[in-house]
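Architecture and fold: a report
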Amino acid sequence: MLARLGPDLAPAGPVFRVNAQVEGDQENIASAVLPDGSVFCVWQTGAQGFQKIVGRVLDPAGGFKGAEFPISVGDGEHQIDPALCVLADGSVVVAWASYRQAGSFAYDVFGRRLNAAGEALGEEFRLNAQTGMGRRSPALAPLPAGGFLAAWVAERQVGVRNNTDASGRAVPGAGAPVFEVNLVTRPFAADAGVAGHAHAHVTEALVELGGAAGRDDVAVDDAEERRQALALERVAA
């Protein structure tokens, strides 16, 4: 369900249903405003344990531009927790957690790029380079020059039992991910939130670590890990 709010945050109309499909559960909606004022919505749909990620676009007046469209189409058993962001060129990236996809036995973070009408601009791709245990709860932030920063919760990333960590990856333009690095290495990190305009500060730190060419699995010393943890906390605050 969505509701339109005016500049004063007062309701500008009734609450309305976005999903056309009513069988199964429709939950975890996320939305973003496009440059022309349209709203791009994504959510997970279907019976529990068999959910997929779908989307729908509303025009600036609140009318639907078309029907629901599929976003996740891989062989995973189910896909949950969608997130999205609008890139500098007006296209949209959606990310989600997918269970047992592409030979994995756990959750991995996958993404897909679409245009403003919801048409796919390529196949879905896995964002996390390191696998095993679980990767879930993605968050996305656009980069001013194109591309985006993705972050997610990684279980036992640093080899500590019952530990969860926030990991991240930079993706330039529409190209392949550049590198992956631990952002936070403390037990029971709540989530991997990437929020607000201050995301550029975290991005700059990651790019500096990755180097001009970029590489996977960047090693970071303890002092740098602590600095990044503090930076992420400030961004998420």
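Residues numbered from 1 in each chain as written. Predicted model: local features only at pLDDT ≥ 70, side-chain atom pairs only at ≥ 80, totals over all residues. Heavy atoms only, no water.

Our focus in this paragraph is the sheet that holds strand β6 (residues 92–99). Overall, antiparallel pairing links the four strands, which are arranged β5-β6-β7-β8 in an open sheet. The sheet is open, and its two edges are formed by β5 (78–86) and β8 (125–126), each paired on a single side. Relative to strand β7 (residues 107–114), β6 runs antiparallel, the two sharing eight bridges. For tryptophan 96, the partnering residue across the bridge sits in β7 and is phenylalanine 110. (Pairing = 2+ DSSP bridges. Helix = DSSP H or I, 4+ residues; strand = E, 2+ residues; numbered from the N terminus.)

To continue, consider the sheet that holds strand β4 (residues 69–70). Spatially, four strands are ordered β1-β2-β3-β4 in an open sheet, and the strand pairing comes out antiparallel. This sheet does not close on itself; its edge strands, each paired only once, are β1 (25–33) and β4. Where strand β3 (residues 52–58) meets β4, two bridges bridge the pair, whose relative direction is antiparallel. The partner of valine 54 across the bridge, within β4, is proline 70.

Locating asparagine 128 in the fold gives a position in the loop between β8 and β9 (135–142). The class of asparagine 128 is buried, set by a relative accessible area of 1%. At 2.8 Å, the side chain of asparagine 128 forms a polar contact with the backbone nitrogen of valine 109. (Buried < 20%, exposed > 50% of the residue type's maximum accessible area, 1.4 Å probe, protein only. Polar contact = N/O pair within 3.5 Å; in protein donor to acceptor, adjacent residues only side chain to side chain.)

What follows concerns the pairing of β3. Across the seven residues of β3, six count as buried, placing the element largely inside the fold. Linking two consecutive strands that pair antiparallel, namely strand β2 (residues 39–46) and β3, is a turn of five residues; a positive phi of about 90° is found at glycine 49 within it.

Let us now look at the nonpolar core. Residues Phe40, Val42, Ile71, Leu84, Val92 and Val94 are the most contacted members of the largest nonpolar core, which totals 16 residues. Looking at this core, the elements that each hand over two or more residues are β1, β2, β3, β5, β6 and β7. The element contributing the most residues to this core is β6, with three residues. With residues near it in sequence (within four places) discarded, valine 94 still touches Phe40, Val42, Ile53, Ile71, Ala83, Leu84, Phe110, Gly111, Arg112, Leu114 and Leu140. Counting eleven residues, the second largest nonpolar core, distinct from the first, contains Val93, Phe148, Trp152 and Ala154. (Core = buried A, V, L, I, M, F, W, Y, C linked by side-chain atoms within 4.5 Å. Contact = heavy atoms within 4.5 Å.)

All right, on to the layout of surface pockets then. Considered as a void within the structure, the largest pocket measures approximately 200 Å³ in volume. Around the largest pocket, the lining residues are Leu2, Ala3, Arg4, Phe16, Ser31, Ala32, Val33, Gly37, Val39, Leu58, Pro60 and Gly62. With three residues, β1 is the largest single contributor of residues to the lining of the largest pocket. Taken together, the residues of the lining of the largest pocket sort by class into eight nonpolar, three polar and one charged. (1 Å grid on protein atoms, 1.4 Å probe; cavity = no way out; pocket = protein on both sides within 12 Å on 5 of 7 lines; lining within 4 Å. Points joined across faces, edges and corners; volume = space filled by probe spheres on them. Nonpolar A, V, L, I, M, F, W, Y, C, P; charged D, E, K, R; others polar.)

This next bit is on the environment of valine 54. Looking at the element boundaries, valine 54 is found in strand β3. In this structure, the C-alpha to C-alpha distance between valine 54 and cysteine 41, residues 13 residues apart in sequence, is 8.5 Å. When neighbours within four sequence positions are excluded, valine 54 is seen to be in contact with Cys41, Val42, Trp43, Thr45, Glu68, Phe69, Pro70 and Ile71.

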